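Survey of secondary and tertiary structure
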Amino acid sequence: MTAQILDGKAISADIRADLTQQVASLTAQGQRAPCLAVVLVGDDPASHVYVRNKERACEQIGIRSLPHRLDSATAETDLIELIDTLNEAEDVDGILVQLPLPAHIDADRILGRISPAKDVDGFHPSNIGRLLQRRPGLRPCTPYGVIKMLERTNTAVAGKRAVVVGASNIVGRPMAMELLLANATVTICNSKTRDLAEEVGRAEIVVAGIGKPEFVRGDWIAEGAVVIDVGINRLDDGRLVGDVEFEAAAQRASWITPVPGGVGPMTIAMLMHNTVEAYRARQV
């Protein structure tokens, strides 16, 4: 078996095209465009690239981007004051604080300060709690994007055995909750999991987000499984690879995401989706 490729670029392009039409319809009716405030603290090069990509997506869709670039020495109290101001701003629908933050700033405190109604990353404890209770509000972008990709495979998630490799707050845990919401039978694997190969080998859906290059071996994958690789790792030779041994896994899976070009574009697409959803919710 040779896996079909789940093309995140193509799927995300469809989502963004739909959002572009939605925003154009809003502005044609005389309404203001949705607005996303993007807060970047410090000089992390990767963060600057990610923020530019998000701002470019806003521009293409017609969402107003409101940038805030802060010095790496910015005090936590000053960042909290900015977030409070953005929470109160009537013309701001979504707030994104780019991670990681400088070491002297408590990221959990900052993310918890964002209004849940404007938390377009979906990281606020209130939004995570709503997802756990099967009453989703704004949903974490990467796991939500994975669900949209699974929909494109026409795979019935309900009843499937799903394994999530990695238990981070950003990917692994909310991914498990998304799969539970879709009525899959879910196992979360972490660094203490015994016989990881056996757990992966039983899965009909595998989502890998552990942050280690090619950690999930291709020969662990069950025949016909759907493989979603959230990882992106740069090797010493400059190549980008995922958390799954792609070539070997692709010989066994029914569907597989490439790296790059798989889950990454979906994360930005779902951020844009959440911004439009937050806008609509505030107009009620």
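Cut-off values and rules
Residues numbered from 1 in each chain as written. Predicted model: local features only at pLDDT ≥ 70, side-chain atom pairs only at ≥ 80, totals over all residues. Heavy atoms only, no water. UniProt positions renumbered as here; feature names shortened; annotations may be inferred. Helix = DSSP H or I, 4+ residues; strand = E, 2+ residues; numbered from the N terminus. Buried < 20%, exposed > 50% of the residue type's maximum accessible area, 1.4 Å probe, protein only. Lys, Arg positive; Asp, Glu negative; His and termini not counted. Salt bridge = Lys/Arg side-chain N within 4 Å of Asp/Glu carboxyl O. Polar contact = N/O pair within 3.5 Å; in protein donor to acceptor, adjacent residues only side chain to side chain. Contact = heavy atoms within 4.5 Å. Expected span 1.5 Å × (residues − 1). Arc of directions from axis to C-beta. Pairing = 2+ DSSP bridges. Axes fitted to C-alpha atoms, helices over the stretch in contact; angles between N-to-C directions. Phe/Tyr/Trp six-rings, centres within 6.5 Å; stacked < 30°, edge-to-face > 60°.

Turning next to the UniProt feature "domain: Tetrahydrofolate dehydrogenase/cyclohydrolase NAD(P)-binding" (unreviewed entry) in the protein. Mapped onto the present numbering, the UniProt feature "domain: Tetrahydrofolate dehydrogenase/cyclohydrolase NAD(P)-binding" (unreviewed entry) falls at residues 140-281. Each end of residues 140-281 is marked by a C-alpha atom, and these two atoms are 17 Å apart; helix forms 37% of the span and strand 17%.

A word on the side chain of Asp119. Inspection of the secondary structure puts Asp119 in the loop between helix 4 (107-113) and helix 5 (125-132). Put simply, Asp119 is tucked away with no salt bridge, and the nearest opposite charge, on Arg130, sits 9.8 Å away. At a separation of 2.8 Å, a polar atom in the side chain of Asp119 contacts the main-chain amide nitrogen of His124. Contact partners of Asp119, with chain neighbours within four places excluded, come to Ile114, His124, Asn127 and Leu138.

In this section: the environment of Asp91. Structurally, Asp91 can be placed in the loop between helix 3 (76-88) and strand 4 (94-97). Asp91 gets classed as partly exposed once you look at its relative accessible area, which sits at 35%. Once the C-alpha coordinates of Asp91 and Lys9 are considered, the two residues, 82 residues apart in sequence, prove to be 30 Å apart. Not counting the four nearest positions on each side in its chain, Asp91 is found in contact with Arg32, Cys35 and Arg64. A polar side-chain atom of Asp91 sits 3.3 Å from a polar atom in the side chain of Arg64.

Time to look at helix 3. The end-to-end C-alpha separation of helix 3 is 19 Å, in line with the 18 Å expected for 13 residues at 1.5 Å each. Considered for burial, the residues of helix 3 that qualify are Glu76, Leu79, Ile80, Leu82, Ile83, Leu86 and Asn87. All buried residues of helix 3 fall inside an arc of 160° around its axis, so they share one side. Within helix 3, the exposed residues directed more than 90 degrees away from the buried face are Thr77, Glu81, Thr85 and Glu88. For helix 3, the secondary structure elements touched by its buried residues are strand 2 (35-41), strand 3 (64-70), strand 4 and helix 4.

So, about unusual backbone geometry. Across the chain, the bulk of peptide bonds are trans and the bulk of non-glycine residues have phi less than zero. With omega at 0°, the peptide bond leading from Leu99 into Pro100 counts as cis. For Pro100, the location among the structural elements is in the loop between strand 4 and helix 4. Across the junction of Val259 and Pro260, the peptide omega takes the value -5°, indicating a cis bond. If you check the backbone angles, Asn183 has positive phi at about 70° while not being a glycine. Structurally, Asn183 is set in the loop between helix 7 (172-181) and strand 6 (185-189).

So, on to the sheet that holds strand 4. Adjacent strands of a sheet form backbone hydrogen bonds with each other and so pair up, either parallel or antiparallel. Spatial ordering of the open sheet is given by 3-2-4, a layout of 3 strands whose pairing is parallel. Each end of this open sheet is capped by a strand with a single partner; those strands are strand 3 and strand 4. Looking at each pair of strands side by side, their axes are set apart by 15° on average, direction ignored. Here 4 bridges tie strand 2 to strand 4, and the two strands are oriented parallel to one another. Within the sheet, the bridge partner assigned to Ala37 lies in strand 4 and is Ile95.

With the rule as written, the count across this model stands at 1 aromatic pair. Measuring from ring centre to ring centre gives 6.4 Å for Phe215 and Trp220, while their planes differ by 90°; the resulting arrangement is edge-to-face. Residue classification places Phe215 among the partly exposed residues on the basis of a relative accessible area of 30%.

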